[in-house]
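# Working through the structure, step by step
Now for the letters of each chain:
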Amino acid sequence: MAGAVRLSDYPIAAIQALRREASSTVNAIGLLRSMRALGPIPEALCAYPADFYSGDAGRGTEILAGRFALAGDQLDATSGKAGIWSRSTPSRAFARSLHGFGWLRDCAAADESGDEARRLVDAWIKGFGRWNSFAWSQDVLSSRLMNWLRSAEILFAAPAGGDEDEIRRHAARLRCLVRQTRYLQRALPLAPDGIIRLRCAAVLTLAGLCLPGEAAMLKAAISAYSHEIDRQILPDGGHLSRAPRAVAEALIDLVTVRDVAAGLETELPASLQRAVERLAPMARFFQTIDGGLASFHGGGEGDRAALAAVLERGDIKSRTFGFAPHSGYQRAHAGGATVMLDVGEPPRGALSVEAHASALAFELCTASARLVVNCGWADDQPANWREAVRATAAHSTLTLEETSSARLLSPGWRRTLLGPRLATSPGPVTARRNEEELGVWLEGGHEGYREQYGLSHRRRIFLAADGGDVRGEDALFRPIDDGAPDDVEVRWRFAIRFHLHPGVRASLARDSMSVLLVQPDGAGWRFRCDGEPIRLERSVYLAAGAPPQRATQIVVQGEAEPFGAGDRPPNRVRWAFQRLGRIGGAAGEYP
């Protein structure tokens with residue numbers, strides 16, 4: 001296990017914190033607002049960006065009635081005259097989601113006129129239209145601006161008729177849009193690194209295109225956006241965070257910007273188009289049979305409709321591949337089955353604040369549905385689950401002594417300064433691939449347990465050419481360079497977990513050496529292993545969005561010796577998922 005926090009991280013984080021504090025102080029006293037005039041306010045936008053994300057009319061109806069369900073919590077604003085913006089929110093995550101306005105499209109789906117959506121926005125402007133340390137923080141502000149621009153036809157289209165009150169409110173919305181955009185332009189260098197800073201640059205570029213008379217801001221925004229794209233998007237199309245969700249969101253944002261620029265006949269740098277051509281294949285790489293994303297490093301299944309809409313565009317080039325060397329993932333597909341294996345180190349530094357200890361975790365998707373998953377994450381889940389699902393035990397891989405292959409910073413001043421980033425890394429994560437006529441072999445290894453327990457973990461997975469046989473091997477071995485262990489009598493307990501999708505029904509055999517698995521369409525699979533008796537335990541699935549879904553996990557336990565090459569039990573466990581015929585009816589009833 002290697003340290004993931006460098007000494008230089010502390011002064012960098014401290015300086016950034018001081019800069020943010022100084023900026024907050026200056027904005028709190030209104031110094032910059034008094035020195036910077038907004039200038040003329042436009043009467044309308046130059047363009048109205050398309051919204052690839054779909055709204056939920058049922059959810060929108062609840063919101064318009066004053067019942068908000070966000071980030072795993074609920075807030076009822078149906079009583080009283082104060083409205084939602086004067087209420088205390090149940091959590092900080094709820095407040096981020098509320099002020100980010102991602103729910104605005106739900107309101108639009110429930111009320112085509114947009115009257116109620118505009119009313120909620122106007123009420124927000126009345127309470128928070130001037131700078132606020134929380135509501136105007138870069139992550140919240142960039143989300144709000146992006147969602148406002150994606151709802152521009154509702155919010156910023158010139159009002160019909162001569163209603164003076166609506167004309168005044170319309171001008172106030174445009175004024176607030178300009179004010180927030182100008183502030184974000186100044187605050188961009190203070191944005192947290194990673195997907196938030198990338199989104200800030202994207203929304204500034206989009207705003208510069210949509211707002212008339214903002215040529216200088218547009219030029220600076222395009223330059224910043226190009227820089228962040230070049231820095232954060234890897235050569236294979238992945239994102240520095242290694243999160244599939246980040247790839248999908250970056251692609252959707254970039255296509256949105258590109259389409260608006262094309263409609264306005266504004267030329268963007270060629271590097272941005274090349275980025276689309278890298279991101280699109282990587283997004284397809286992470287897709288499963290249901291069109292959603294695999295759940296790695298803080299991402300969930302995502303918005304299938306939005307991703308499909310972007311990927312189906314005829315001008316987006318795509319190619320298929322099985323190994324993403326820069327992102328650290330292996331993918332094998334055969335006979336309708338797909339295996340995806342995490343063979344990369346988690347991101348380090350500030351980019352690791354949402355990273356998971358998921359070395360050698362895998363997901364298995366059959367021709368009909370997901371079978372083996374990781375617990376995953378979605379932003380609308382309860383915040384108290386966030387840290388638990390980052391642990392190795394929340395992934396379909398091996399844990400030793402119930403410890404994670406990468407550890408989070410412990411509570412204290414370091415975590416307060418640096419955030420909930422990873423303190424350690426599983427060390428070098430190796431990857432090999434061998435394709436033959438019978439199928440595909442994927443292999444990986446990591447050393448996350450070597451320093452503390454003297455053992456390295458190696459995993460091999462074979463996917464047969466017909467997609468009906470998936471075989472695996474997990475081994476714990478002592479590297480030869482480490483010599484003999486100090487205590488040859490000690491035994492280290494390990495557990496190999498296979499988290500099943502909530503739609504899978506599992507039945508343990510009487511001898512506890514195999515498990516019958518039935519998918520929603522009745523497709524049957526059998527899990528076997530040569531290790532200790534199998535156990536079925538409770539699990540939870542968060543990748544599909546709130547609320548958390550109950551699920552089942554297969555657990556194989558054992559005690560590893562502190563020496564050996566991992567070529568025999570108890571340090572080696574072999575397992576297999578093998579396809580059977582259809583079982584029961586379409587709902588998966590047992591015979």
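Scroll up to find the structure this text is about.
The following paragraphs examine the structure supplied in this document. Every chain's residues receive numbers from 1 upward, in the order its sequence appears when written. Under the rules for a predicted model, residues below a pLDDT of 70 receive no local features and side-chain atom pairs below 80 are neither given nor counted, while totals for whole chains, interfaces and linings still include all residues. For the side-chain quantities, the full set of heavy atoms in the structure was used; hydrogens and water were omitted.

### Considerations on the overall build of the protein chain
Selection criterion: Going along the chain from the N terminus, every DSSP run of H or I of four or more residues is numbered as a helix, and every run of E of two or more is numbered as a strand. When we talk radius of gyration, it's over C-alpha atoms, and the globule rule is simply 2.2 Å times the number of residues to the 0.38. For each residue, the accessible area found with a 1.4 Å probe, counting protein chains only, is set against the maximum for its type, and the residue is called buried under 20%, exposed over 50%, and partly exposed in between. Residues scored as charged are limited to Lys and Arg (positive) and Asp and Glu (negative), so that His and the chain ends carry no count. Taken as the charge location is NZ of Lys, CZ of Arg, CG of Asp or CD of Glu.
Scanning the protein chain from terminus to terminus reveals 16 helices and 21 strands. Against the 2.2 N^0.38 benchmark of 25 Å for 591 residues, the protein chain shows a C-alpha radius of gyration of 26 Å, consistent with a compact globule. Each principal axis of the C-alpha atoms in the protein chain carries an extent, and together these give about 80 × 60 × 50 Å. The burial tally for the protein chain puts 55% of its 591 residues in the buried class. Taking the average place of the 71 positive charges on the side chains of the protein chain and the average place of its 69 negative ones, the gap between the two points comes to 4 Å.

### As for the sheet that holds strand β14 (residues 469–477)
As a reminder, the rule being used: Strand pairing is assigned whenever DSSP identifies at least 2 bridges connecting the two strands. All axes here are fitted lines through C-alpha atoms, helices being fitted over the stretch that makes contact, and every angle between N-to-C directions spans 0 to 180 degrees.
If you trace the eight strands from one edge of the open sheet to the other, you get β11-β12-β13-β14-β21-β18-β17-β16, paired in antiparallel fashion. Bordering the open sheet on either side are β11 (430–436) and β16 (505–508), each of which pairs with just one other strand. Taking the axes of each pair of neighbouring strands and ignoring which way they run, one obtains an average angle of 15° across the sheet. Bridge analysis of β16 against strand β17 (residues 514–518) gives four bridges, and the strand direction is antiparallel. Across the sheet, the residue bridging to Leu 508 is Val 515, located in β17.

### Let's talk about helix α7 (residues 138–150)
Note the following rule: Take the number of residues in a helix, subtract one, and multiply by 1.5 Å to get its expected span.
For α7, spanning 13 residues, the distance from its first C-alpha to its last is 18 Å, which sits close to the expected 18 Å at 1.5 Å a residue. Those residues of α7 that sit buried are Gln 138, Val 140, Leu 141, Ser 142, Ser 143, Arg 144, Leu 145, Met 146, Asn 147, Trp 148, Leu 149 and Arg 150.

### Some details on the packing of aromatic side chains
Stated formally: The criterion for an aromatic pair is that two Phe, Tyr or Trp rings (for Trp, the six-membered ring) have centres within 6.5 Å, with stacked assigned to planes under 30 degrees apart, edge-to-face to planes over 60 apart and tilted to the rest.
If you walk through the whole model with that rule in mind, you get 26 aromatic pairs. With a centroid separation of 5.5 Å and an interplanar angle of 25°, the aromatic rings of Phe 362 and Trp 575 are classed as stacked. You can see Phe 362 sitting in strand β7 (residues 362–365) and its partner Trp 575 sitting in strand β21 (residues 572–582), a full 213 residues away along the chain. Given the relative accessible area of 0%, Phe 362 is considered buried. Seen from their ring centres, Phe 498 and Phe 527 are 5.0 Å apart, and the 55° between their planes marks the pair as tilted. You can see Phe 498 sitting in strand β15 (residues 492–500) and its partner Phe 527 sitting in strand β18 (residues 523–529), a full 29 residues away along the chain. For Phe 498, a relative accessible area of 0% gives the class buried.

### Things to note about the pairing of β11
Here β11 runs beside strand β12 (residues 439–446); their pairing, made up of seven bridges, is antiparallel. Following the sheet pairing, Arg 432 is matched in β12 by Glu 443. The antiparallel hairpin formed by β11 and β12 contains two residues in its connecting segment.

### Here we look at unusual backbone geometry
Backbone torsion omega between Ala 546 and Pro 547 reads -5°, so that peptide bond is classified as cis. Within the fold, Pro 547 resides in the loop between β19 (534–541) and β20 (549–560). For His 297, which is not a glycine, the phi torsion comes out positive at approximately 50°. Relative to the elements of secondary structure, His 297 occurs in the loop between α13 (270–286) and α14 (304–311).

### Some thoughts on the nonpolar core
To keep things clear, this is the line we draw: The nonpolar core is taken to be a set of buried Ala, Val, Leu, Ile, Met, Phe, Trp, Tyr and Cys residues, with the residues joined through side-chain atoms within 4.5 Å.
Core analysis: the largest hydrophobic core is formed by 97 residues, its most contacted members being Leu 45, Trp 103, Trp 124, Trp 148, Tyr 225 and Leu 251. The element contributing the most residues to this core is helix α10 (residues 195–210), with eleven residues. Within the second largest apolar cluster, 41 residues are counted, among which are Phe 362, Leu 371, Phe 498 and Ile 534.

### Some details on the pairing of β14
A large share of β14 lies buried, amounting to seven of its nine residues. In this sheet, β14 lies alongside strand β13 (residues 456–464) in antiparallel orientation, the contact comprising eight bridges. Bridged to His 457 within β14 is Leu 476. Taking the residues that link successive antiparallel strands as the turn, the β13-β14 hairpin has four residues, and the phi of Gly 467 there is positive, at about 75°. Sheet topology places β14 next to β21; seven bridges connect them, and they run antiparallel.

### Observations regarding the side chain of Thr 288
Stated precisely, the cut-off is as follows: Pairing of N or O atoms within 3.5 Å defines a polar contact, subject to two protein rules: one partner must be a possible hydrogen donor and the other a possible acceptor, and residues neighboring in sequence count only if both atoms are side-chain atoms. Every residue pair with non-hydrogen atoms within 4.5 Å of one another is taken to be in contact.
Within the secondary structure layout, Thr 288 lies in the loop between α13 and α14. Reaching out from Thr 288, the side chain makes a polar contact with the side chain of Asp 290 at a distance of 2.5 Å. Within polar-contact distance, the side chain of Thr 288 engages the side chain of Arg 370 at 3.1 Å. Non-local contacts of Thr 288, meaning those with residues more than four positions away in its chain, are made with Leu 293, Ala 294, Cys 365 and Arg 370.

### Quick notes on the pattern of salt bridges
In plain terms, the rule: Salt bridge, as used here: a side-chain nitrogen of Lys or Arg that lies within 4 Å of a carboxyl oxygen of Asp or Glu.
Summed over all chains, the structure comprises 41 salt bridges. A salt bridge links Asp 115 to Arg 118; the shortest N-O distance between them is 2.5 Å. Of this pair, Asp 115 and Arg 118 both sit in helix α6 (residues 115–128), three residues apart, roughly one helical turn. A relative accessible area of 43% places Asp 115 in the partly exposed class. For Arg 118, a relative accessible area of 14% puts it in the buried group. Three or more residues joined by partner-sharing salt bridges are found here, namely Asp 122, Glu 166, Arg 169 and Arg 173.

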